[in-house]
Amino acid sequence: MKLGSRDKMNTEPAEFLHKLGVDTRFVSILDSHIFINNLKFSRFSRRKEELFLRKFPHYEVVRSKLLQKICTRASRVLKNAVKPRDKIFIVKDRNCFNMALHIVLEPYTRKYGVKLIFGRSLKELEGSGVNSVALPVTLDDEVENIMGLMFKGEKIEPLSLNYKFENIKVVCPFVNVSRLWIVSWLEKQDLKCDHKDEKSLEKDLINFLEGFIPDVKENMFKSAEFVHNQQLQESS
C-alpha cells in the first residue's frame, strides 16, 4: 500500500508552478504530465507553460477541453463528498476508470490536503486506515443498472448508493460523467489502459432512447436518486 499524491516527484514541479502564478488546485501532476483541469482558474497561460518546460523539459503539459468537462462534472460531486485531510483509497491498476480517478483526485491533495492511498484491490480496504474510498462508477453504469432493475421488476436504487463498507464513505466522482468521455480522453492522450465494452440489451435501449430524448441518462439518474431519497425519508 502506497501514498501516491504528495511525493517528492510532485512537490518540486508544484512549487515551481506556484511561483509562476499557476493555481495548482486546478491541475493534476502525475507521471511527468501536467493535466489542466480548469484553464481559467489555474491561470496556466502559454507563457507560463513555456517557462515551466524550460525547467522541466521532460514534462508534458496536457490541455484538453474534454478533461476540463470531466473535471467540472466530477467537482460537483467532490465538493460535497470530500472533506479536508480525508484519506481516500483508490484501486491502482491499468483500468481506464481507476486511472482517471487518480488524475481527477490528485489536485485535491493540494486543494483539501487529502491523502490518496492505493491498493491492488478493494480487499485491501480492511486495515488501511482510510475514511473514504473512490469508485469509478460512471453515469452509464448508473443508467444501465436502472434499466436492468426495471427489466427484472426490482426496486430501483442508484448503483453508487449500494456500495457499503463499514465506517468508510463511498465517493463516486463520475456519476455525472459519460463512460465514453473518459475512454475517448485517455485514448487521445495515448494512455494505455484496460477497457472492455461489452454489449447488452440495456446499452442498446439507452442508445436508442438518446436519439429521441435529450439528456435521457442524466434525467433517469436524477429520477432514481429522487425516488431513493423519498424512500429513505418515508422509512426514517
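Structure: see above.
About the thresholds
- Residues numbered from 1 in each chain as written.
- Predicted model: local features only at pLDDT ≥ 70, side-chain atom pairs only at ≥ 80, totals over all residues.
- Heavy atoms only, no water.
- Axes fitted to C-alpha atoms, helices over the stretch in contact; angles between N-to-C directions.
- Helix = DSSP H or I, 4+ residues; strand = E, 2+ residues; numbered from the N terminus.
- Parallel < 35°, antiparallel > 145°, perpendicular 65-115°, else oblique.
- Left-handed = near helix turned anticlockwise from the far one by under 90°.
- Contact = heavy atoms within 4.5 Å.
- Nonpolar A, V, L, I, M, F, W, Y, C, P; charged D, E, K, R; others polar.
- Pairing = 2+ DSSP bridges.
- Salt bridge = Lys/Arg side-chain N within 4 Å of Asp/Glu carboxyl O.
- Buried < 20%, exposed > 50% of the residue type's maximum accessible area, 1.4 Å probe, protein only.
- Phe/Tyr/Trp six-rings, centres within 6.5 Å; stacked < 30°, edge-to-face > 60°.
- Lys NZ or Arg CZ within 6 Å of the ring centre and 35° of its normal.

Considerations on the packing of helix H4 (residues 65-81) against helix H8 (residues 179-188)
- Contact geometry for H4 and H8: axes closest at 9 Å, N-to-C directions at 140°. Viewed along their axes, H4 and H8 adopt a mutual orientation that is oblique. Handedness of the crossing formed by H4 with H8: left-handed. Contacts between H4 and H8 involve Leu66, Leu67, Lys69, Ile70 and Arg73 on the former and, on the latter, Trp181, Ile182, Ser184 and Trp185.
- A class-by-class count of the residues in the contact of H4 with H8 yields six nonpolar, one polar and two charged.

Remarks on the sheet that holds strand E3 (residues 33-36)
- Reading across from one edge, E2-E3-E4 is the order of the three strands in this open sheet, with mixed pairing throughout. Sheet topology places strand E2 (27-30) and strand E4 (60-62) at the edges, where each strand pairs with a single neighbour. Taking each pair of neighbouring strands and ignoring which way they run, the sheet shows an average axis angle of 20°.
- Pairing of E3 with E4 involves three bridges; the strand directions are parallel. In the sheet register, His33 faces E4, and the bridge partner there is Glu60.

Re the pattern of salt bridges
- On inspection of all chains with the given rule, the structure shows 14 salt bridges.
- Across the salt bridge formed by Arg25 and Asp23, the nearest N and O atoms sit 2.7 Å from each other.
- A residue is classified by how much of its surface remains accessible, and Arg25, at 38% relative accessible area, is partly exposed.
- In this structure, the salt-bridge partner of Asp140 is Lys217, at a minimum N-O distance of 2.5 Å.

Observations regarding the packing of aromatic side chains
- Scanning the model with the defined rule gives nine aromatic pairs in all.
- With 5.7 Å between their ring centres and 70° between their planes, Phe35 and Trp185 make a pair best called edge-to-face. Residue Phe35 is located in strand E3, and its partner Trp185 is located in helix H8; the two are separated by 150 residues in the primary sequence.
- These aromatic residues form a ring-pair network of at least three members: Phe16, Phe52, Phe56 and Tyr59.
- In this structure, Lys92 packs its charged tip against the face of Phe118, placed 4.8 Å from the ring centre.
- For Lys111, the ring lying beneath its charged end belongs to Tyr108, and the centroid distance is 4.5 Å.

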